[in-house]
Amino acid sequence: MKKLALLSVILMATCVVAMAQPRAIGGRLAWNIGASYQHSLGEKNMIQVDLDFPSYFWGIQGTATYNWIFPIKSWPHAGSWNWYAGVGAGVGYKWYNSWLFSWNNWSNWDKRVYRGVFVGVAGMIGIEYNFKFPLQLSLDWRPVVGPIIGRKYNGNIGADFYGEGLITSAFALGVRYKF
């Protein structure tokens, strides 16, 4: 009986400590799939780090953003709503056609970068719901824009604008476990 009581106390203490930690891990899902990690810096700020595979695995992208959190106070039920906005950076590699800005101009495909490394500025705006239990759902837009340097269709090495970051890995539904 003493062992069961001790085990119960240890289990409850572990649950309390796990619930008090300001972190969340999960994924983002939309036109891309990716892993997401959030680390709270107090009640009003967080850092979010994501590793995405945009456009159905035609690239890989890592982003980090510093976000400011703004609570929505008028929610009378259990759980809480927040909206957040932030800025950061992204880096990645893509290995497919730059279809987003060249689909309407077929004659310029040889001038577009189809495989290369990109770096850019990332912005983020979103809304999240934190359940009473350790689950968080979010809907956000995180565009990454900047230059891409790599191989063009004509075989030359060159630079272009990474426009796919406005859509392919930008809109996503996030599901995270808070611990």
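Residues numbered from 1 in each chain as written. Predicted model: local features only at pLDDT ≥ 70, side-chain atom pairs only at ≥ 80, totals over all residues. Heavy atoms only, no water.

### Examining the pairing of strand β9 (residues 147-152)
One ladder, built from five bridges, connects β9 with strand β10 (residues 157-161); its direction is antiparallel. Considered in β10, the bridge of I149 is made with A159. Between β9 and β10, which pair antiparallel in sequence order, lie four residues; one of them, G155, sits at a positive phi of approximately 95°. (Pairing = 2+ DSSP bridges. Helix = DSSP H or I, 4+ residues; strand = E, 2+ residues; numbered from the N terminus.)

### What about the pattern of salt bridges?
Applying the stated criterion across every chain, the model contains five salt bridges. The salt bridge partner of D52 is R28, with a shortest N-O separation of 3.4 Å. Within this pair, whereas D52 is found in strand β3 (residues 45-53), its partner R28 is found in strand β1 (residues 23-30), the two being separated by 24 residues in sequence. For the pair D52 and R28, a shared accessibility class is recorded, and that class is buried. (Salt bridge = Lys/Arg side-chain N within 4 Å of Asp/Glu carboxyl O. Buried < 20%, exposed > 50% of the residue type's maximum accessible area, 1.4 Å probe, protein only.)

### Thoughts on the pairing of strand β2 (residues 33-40)
Where β1 and β2 come together, seven bridges link them in antiparallel fashion. Residue pairing in the sheet places I25 in a bridge with Y37 of β2. Turn length for the β1-β2 hairpin, with the two strands adjacent in sequence and antiparallel, is two residues. Across eight bridges, the pairing between β2 and β3 is antiparallel. Bridge pairing links A35 to L51 in β3. Counting the residues between successive antiparallel strands, the hairpin from β2 to β3 contains four residues, one of them, G42, with a positive phi of roughly 100°.

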